[in-house]
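The chain contents come next:
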Amino acid sequence: MTTAHDVVLVGGGGAGLRAAIAIAEARPELDVAVVSKVYPMRSHTVSAEGGAAGVIGADDSLDEHIYDTISGSDWLADQDAVEMFVEEAPRELIRLEHWGCPWSREPDGRVAVRPFGGMKKQRTWFAADKTGFHMLHTLFQTSLKYGTIHRYDEWFVTKLVVDDGVIQGVVAIELSTGRIETMTAKAVILATGGCGRVFPFTTNAAIKTGDGMSLAYRAGAPLKDMEFVQYHPTGLPFTGILITEAARAEGGWLLNKDGYRYLQDYDLGKPEPTPVLRSMELGPRDRLSQAFVHEVEEGRAIDTPYGPAVHLDLRHLGAKVIDAKIPFVRELCLKYQNVDPAAELVQVRPVVHYMMGGVHTDIHGATPVKGLYAAGEVACVSINGANRLGSNSLPELLVFGARAGRAAAEYAAGASGPTRAGLRQADDEHRRIWRELRGREPNGNERIADLREQMQHTMEGGAGIYRTGDSLTKAVDTLHEFQGRRDQARIEDHSHTFNTELLTFLELSAMLDVAETIVYSALRREESRGAHQRTDYSARDNDRFLAHSLAHRASDGSCQIRYLPVTITRWPVGERVYGR
Ligand SMILES: Cc1cc2nc3c(=O)[nH]c(=O)nc-3n(C[C@H](O)[C@H](O)[C@H](O)COP(=O)(O)OP(=O)(O)OC[C@H]3O[C@@H](n4cnc5c(N)ncnc54)[C@H](O)[C@@H]3O)c2cc1C
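For the structure given in this document, a descriptive report is provided here. Because the structure is a prediction, the values reported are computed rather than measured.

**Some points on the environment of Arg285**
Here is step 1: Tracing the chain through its elements places Arg285 in helix α7 (residues 285-297).
Here is step 2: Discounting chain neighbours no more than four positions away, the residues touching Arg285 are Phe116, Gln230, Tyr231, His232, Pro233, Glu245, His353, Asn387, Arg388 and Gly390.

In structure tokens, the structure reads:
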């Protein structure tokens, strides 16, 4: 079956819905499809807690937000992109308010802002600690106004169709029926989110399997800066559930097993009355996660059945503040850890949280494949460089979702329909998925769940908070072997109705691609910068690596790394200094 649309959006999260609205507003004559493997309100954006950064206070300035973002990125962000992002973010947040987003307020009616890690001024807007829920809801209800936006809920995109470097559309499978469909399009926007599930401990929802990154990589669009994986310092040890940075912004402390605020020993400032903007617990995430590893090495962490942990102490805030400012934190701790943070210490550990890298785009969201765009966590523009500052991602979805939407709309308005070769390619993909549904041949004896678990532990061991040439080389070899074993994976479920076994197989395939680009990019980057820390190359090396890595998929399937210079405008490369 084939259906025709002008623009197909893959992803119904924050970036996807913002892009859809931008297209409907800019070009009401265009037909837009939003394809999402889950109902849009279940996209990961819904779980964002802490908030969205945008300059609004009288004591703040655009330049300060730009500087914090660039220095937080360890100078790997493109400065033209950051300038544009910071300028547009407050406008987008106000627009969201006009669409109905209930931002928390000060008693005098002004928008309330809270401090956030690495941000030297208070500029993080929030809606209690359910910011992502309210933002996504606002975008979803706004998107319903437009009759030109058609939704394909619970459809899984398996392939981007590209002929001669030009996008032709996508192939997708309807999960409830097994129906396979070609959706032709003049432009496609990837808004598929991140890939935290490549690692064993993550705050990311089970659906965050890097599908869009793999789709782009296989379609000829390179993946940029994939070696930069962000660990969040405070996840619950067993589940990986996030305890938002807002808990530390409101004054929470991190303690080692001796009850000592150990961050004062890590050049992140000294203990001061809370909230402390410049230092300690509100240092950037990469530094805090690295400090955790040192505490473990020095034997000052707490042993838990799920590995080492430290304590998050919120007791001194009292139940009233916790219930008013971070009620969800209390709820999560009670429900999932059986601990009341108003009265007890909470065990936490660093967990994989966010992918700085992604599909290479320019500041309009355009990839090198004509007509293919990307926005949100799947994309790398890049404003996050080697380390994203917390609360920059939600405004990034809005700013770059809108920009990609407008750019794709303009392109689609002047582009022509699919080529015959494109349609033939789509037919081949139908046959491939059909074969998988009917039963793989030969049906091998590898279990999908085993492969996934082994891949995750390979990534944690080889490309975790600290890496070495040896650990990465080993991971490269093991992943290579997994690619072969994937072809021997067994799919026993042949039903066409919600065939979750086929789905997990497709997701595993995507994760193996993504994992490969992470380890290759990390192996080639012989320096330490932001979230990429090599113990065998412990210094930053601006002469060789003030550059973005680009992972290309060669015709033989191998991963090739090239480099692209960083755009510097007004901020010469400096040292990252916190707490002084
Ligand atoms: C627990 C948590 C808390 C966070 N808190 C904050 C915060 O406070 N502030 C902040 O700035 N950032 C925060 N972040 C980061 C931020 O929320 C995410 O980066 C962002 O929401 C990602 O949005 P997105 O639109 O790019 O993707 P998502 O919201 O993840 O949406 C992806 C969409 O793609 C669809 N999709 C994926 N693959 C396919 C496929 N193969 N076929 C069809 N559809 C597909 C999915 O169905 C989904 O609709 C948090 C992240 C987490 C995990």
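**Remarks on the pattern of salt bridges**
Here is step 1: Enumeration according to the criterion identifies 47 salt bridges in this entry.
Here is step 2: For Asp63, the salt bridge goes to Arg570, with nearest N and O atoms at 3.0 Å. Placement of Asp63 in helix α2 (residues 62-72) and of Arg570 in the segment after β24 (559-565) is noted, with a sequence separation of 507 residues between them.
Here is step 3: Accessibility expressed as a relative area gives 47% for Arg570, which makes it partly exposed.
Here is step 4: As a salt-bridge pair, Glu250 and Lys325 come within 3.7 Å of each other at their nearest N and O atoms. Placement of the pair is Glu250 in the loop between α6 (246-249) and β14 (253-255) and Lys325 in helix α8 (residues 318-325), with a sequence separation of 75 residues.
Here is step 5: By relative accessible area, which is 34% here, Lys325 ends up partly exposed.
Here is step 6: One connected set of salt bridges, linked through shared partners, spans Asp74, Asp286, Arg540, Glu575 and Arg576.

**As for the site of the ligand**
Here is step 1: What surrounds the ligand is a group of 38 residues, the closest being Ser36, Ser43, His44, Thr45 and Glu377.
Here is step 2: The backbone of Ala15 places a nitrogen or oxygen atom 2.9 Å from an oxygen atom of the ligand.
Here is step 3: Glu49 places a polar main-chain atom, nitrogen or oxygen, 3.5 Å from a nitrogen atom of the ligand.
Here is step 4: Summarising the interface, the protein chains cover 98% of the accessible area of the ligand, which totals 1000 Å² for the free molecule.

**Describing the sheet that holds β24**
Here is step 1: Pairing is mixed in the open sheet, where 5 strands are placed in the order β20-β18-β12-β23-β24. In this open sheet, the two edge strands, each paired with only one partner strand, are β20 (379-380) and β24.
Here is step 2: Bridge analysis of strand β23 (residues 547-553) against β24 gives 7 bridges, and the strand direction is antiparallel. Bridging from a neighbouring strand, Ala551 pairs with Ile561 of β24.
Here is step 3: Relative to the sheet, helix α14 (residues 500-524) contacts β12 (223-224), β23 and β24, its axis offset from that of β24 by approximately 55 degrees.

**A short note on the sheet that holds strand β4 (residues 52-53)**
Here is step 1: The strand order across the open sheet built from 3 strands is β4-β6-β5, with neighbouring strands paired in antiparallel fashion. The sheet is open, and its two borders are formed by β4 and β5 (113-114), each paired with just one other strand.
Here is step 2: Note that β4 and strand β6 (residues 124-125) share 2 bridges and pair antiparallel. In the strand pairing of β6, Ala53 is matched with Thr124.

**Section: unusual backbone geometry**
For residues that are not glycine, phi is negative in most cases, and the peptide bond is trans in most cases.
Here is step 1: Note the cis peptide between Val381 and Ser382, where omega equals 20 degrees.
Here is step 2: Note that Ser382 resides in the loop between β20 and α10 (393-414).
Here is step 3: For Ala128, which is not a glycine, the phi torsion comes out positive at approximately 45 degrees.
Here is step 4: Counting through the fold element by element, Ala128 comes out in the loop between β6 and α4 (131-143).

**So, the packing of α2 against helix α3 (residues 79-98)**
Here is step 1: Running from N to C, α2 and α3 cross one another at 135 degrees; their axes reach a closest spacing of 9 Å. Looking at the two axes, α2 sits oblique to α3. Both α2 and α3 take part in a crossing whose hand is right-handed. Packed against α2, whose contacting residues are Leu62, His65, Ile66, Thr69 and Ile70, the element α3 presents Gln79, Val82, Glu83, Phe85, Val86 and Glu87 at the interface.
Here is step 2: The class makeup of the residues in the contact of α2 with α3 is 6 nonpolar, 3 polar and 2 charged.

**Concerning the environment of Met511**
Here is step 1: With respect to the helices and strands, the residue Met511 is situated in helix α14.
Here is step 2: Distance in space between the C-alpha atoms of Met511 and Gly358 is 13 Å, their sequence separation being 153 residues.
Here is step 3: Beyond its immediate sequence surroundings of up to four residues, Met511 is in contact with Arg197, Val198, Thr209, Arg452 and Met455.

**Topic: α14**
Here is step 1: Along its 25 residues, α14 runs 36 Å from first to last C-alpha, staying within 8% of the 36 Å computed at 1.5 Å per residue.
Here is step 2: The buried fraction of α14 is high, at 20 of 25 residues.

**Focus: the nonpolar core**
Generally speaking, nonpolar side chains in soluble globular proteins are found buried as a group.
Here is step 1: By size, the foremost hydrophobic cluster in this structure holds 108 residues, and its most contacted members are Val8, Leu160, Val188, Leu190, Val198, Met459 and Ile518.
Here is step 2: At 13 residues, the largest contribution of residues to this core is made by α14.
Here is step 3: Excluding its chain neighbours within four sequence positions, the residues that come into contact with Met459 are Val198, Phe199, Gly464, Leu479, Ala515, Ile518 and Val519.
Here is step 4: Core analysis: the next-biggest nonpolar cluster, separate from the first, contains 41 residues, Leu93, Val113, Trp125 and Leu139 among them.

**Re the pairing of strand β8 (residues 155-163)**
Here is step 1: Among the 9 residues that make up β8, 8 are buried, leaving the element largely enclosed by the rest of the structure.
Here is step 2: Bridge analysis of β8 against strand β9 (residues 166-174) gives 8 bridges, and the strand direction is antiparallel. Directly across from Val162, in β9, lies its bridge partner Ile167.
Here is step 3: As consecutive antiparallel partners, β8 and β9 are separated by 2 residues, and within that stretch Asp164 has a phi angle of approximately 50 degrees, a positive value.

**Side note on the pairing of strand β2 (residues 7-10)**
Here is step 1: Where burial is concerned, the two faces of β2 agree: the one with Val7 and Leu9 and the one with Val8 and Val10 are both buried.
Here is step 2: In this sheet, strand β3 (residues 32-36) lies alongside β2 in parallel orientation, the contact comprising 4 bridges. Across the sheet, residue Leu9 finds its bridge partner in β3, namely Val34.
Here is step 3: Running through helix α1 (residues 14-26), the crossover from β2 to the neighbouring parallel element β3 is right-handed.
Here is step 4: With 4 bridges connecting them, β2 and strand β11 (residues 187-190) associate as parallel partners. Bridge pairing links Val7 to Ala187 in β11.

What counts, and where the lines are drawn
- Residues numbered from 1 in each chain as written.
- Predicted model: local features only at pLDDT ≥ 70, side-chain atom pairs only at ≥ 80, totals over all residues.
- Heavy atoms only, no water.
- Helix = DSSP H or I, 4+ residues; strand = E, 2+ residues; numbered from the N terminus.
- Contact = heavy atoms within 4.5 Å.
- Salt bridge = Lys/Arg side-chain N within 4 Å of Asp/Glu carboxyl O.
- Buried < 20%, exposed > 50% of the residue type's maximum accessible area, 1.4 Å probe, protein only.
- Near = heavy atom within 4 Å.
- Polar contact = N/O pair within 3.5 Å; in protein donor to acceptor, adjacent residues only side chain to side chain.
- Areas by Shrake-Rupley, 256 points an atom, 1.4 Å probe, with all protein chains shown as cover.
- Pairing = 2+ DSSP bridges.
- Axes fitted to C-alpha atoms, helices over the stretch in contact; angles between N-to-C directions.
- Parallel < 35°, antiparallel > 145°, perpendicular 65-115°, else oblique.
- Left-handed = near helix turned anticlockwise from the far one by under 90°.
- Nonpolar A, V, L, I, M, F, W, Y, C, P; charged D, E, K, R; others polar.
- Expected span 1.5 Å × (residues − 1).
- Core = buried A, V, L, I, M, F, W, Y, C linked by side-chain atoms within 4.5 Å.
- Right-handed = clockwise from strand over helix to strand, strands pointing away.

Taken by themselves, the reported measurements are silent on function.
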